[in-house]
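Below, each chain spelled out in residue letters.
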Amino acid sequence: MADEHGAADAFENRCTNAARTLESCISYFIERISLDESNEDRKGNTLDVWLREGPRKPDVVVSLSNLHSVRPWEPGLGVSFIDGISLVHLPKLPLPWPAEAVGRLERSEGLPELVWLRIAGPIEVDAVAATVTVYQAQSDAAASVLR
């Protein structure tokens, strides 16, 4: 989610929390990727990545919208294991970006704070967006308990 009226560090905190959730997904597979490019304004497009490990771990969906950059992946590879996954907060000017993000996009005063998702493996996902949401399903163990 984007926080235009929230606390100054709300978006950064959301990115950090999402990154922590994704750290546990290194043993997962990319089950499906969906890129919706139906909007004329590219920033209105969305990218959703479904991650699955199996019945003992919860499924995770990473949803990015207000896309600023998506590097294409080779479609049709099917289910793909994950070698590495990261989600990095990219602050607005005048704050610096991490060294590996420098030159990734042209920075300007009008560019909002962003999030950079990278997934390495047979399918490479590389996207920068202004909005991120990470959904995590309950594990079977947690779902088996009635509260």
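Residues numbered from 1 in each chain as written. Predicted model: local features only at pLDDT ≥ 70, side-chain atom pairs only at ≥ 80, totals over all residues. Heavy atoms only, no water.

Student: I would appreciate a short explanation of a nonpolar patch on the surface in the present structure.
Tutor: Nonpolar side chains collect at one region of the surface, where Phe29, Val79 and Phe81 lie side by side and expose about 280 Å² of accessible area between them. Assignment of secondary structure puts Val79 in the loop between β3 (60–71) and β4 (80–81). The exposed category is assigned to Val79, whose relative accessible area is 57%. (Patch = residues over 30% accessible without salt bridge, like charges linked within 9 Å, V, L, I, M, F, W, Y side chains within 5 Å. Areas by Shrake-Rupley, 256 points an atom, 1.4 Å probe, with all protein chains shown as cover. Salt bridge = Lys/Arg side-chain N within 4 Å of Asp/Glu carboxyl O. Helix = DSSP H or I, 4+ residues; strand = E, 2+ residues; numbered from the N terminus. Buried < 20%, exposed > 50% of the residue type's maximum accessible area, 1.4 Å probe, protein only.)

Student: I'm lost on the side chain of Ser69 in this one. Help?
Tutor: Residue placement: Ser69 occurs in strand β3. A polar atom in the side chain of Ser69 sits 2.9 Å from the side chain of Arg104. (Polar contact = N/O pair within 3.5 Å; in protein donor to acceptor, adjacent residues only side chain to side chain.)

Student: Looking at this structure, how should I read the pairing of strand β1 (residues 29–36)?
Tutor: On any regular strand, side chains alternate: one points to one face of the sheet, the next to the other face. Sheet analysis places β1 next to strand β2 (residues 46–52), joined by 7 bridges and oriented antiparallel. Looking at β2, one finds that Phe29 is bridged to Arg52. For β1 and β4, the ladder comprises 2 bridges, and the chain directions are antiparallel. When the sheet's bridge partners are listed, Ile30 is paired in β4 with Ser80. (Pairing = 2+ DSSP bridges.)

Student: So what exactly am I meant to see when it comes to the side chain of Asp48 here?
Tutor: Structurally, Asp48 can be placed in strand β2. One buried charged residue, Asp48, remains without a salt bridge, the closest side chain of opposite sign being Arg32 at 8.4 Å. Polar side-chain contacts of Asp48 include one of 2.6 Å to the side chain of Ser63. (Lys, Arg positive; Asp, Glu negative; His and termini not counted.)

Student: Mind showing me how you'd approach the sheet that holds β2 here?
Tutor: Strands pair in a sheet through their backbones, by hydrogen bonds, and they do so in one of two ways: parallel or antiparallel. Taking strand neighbours across the sheet as the criterion, the 7 strands line up as β4-β1-β2-β3-β7-β6-β5 in an open arrangement whose pairing is antiparallel. Each edge of the open sheet is held by one strand with a lone partner, namely β4 and β5 (84–90). The strands touched by helix α1 (residues 10–23) are β2, β3, β5, β6 (114–120) and β7 (125–136); relative to β7, the strand with the most contacts, the crossing angle is about 80 degrees. (Contact = heavy atoms within 4.5 Å. Axes fitted to C-alpha atoms, helices over the stretch in contact; angles between N-to-C directions.)

Geometric descriptors of this kind do not, in isolation, establish any biological role.
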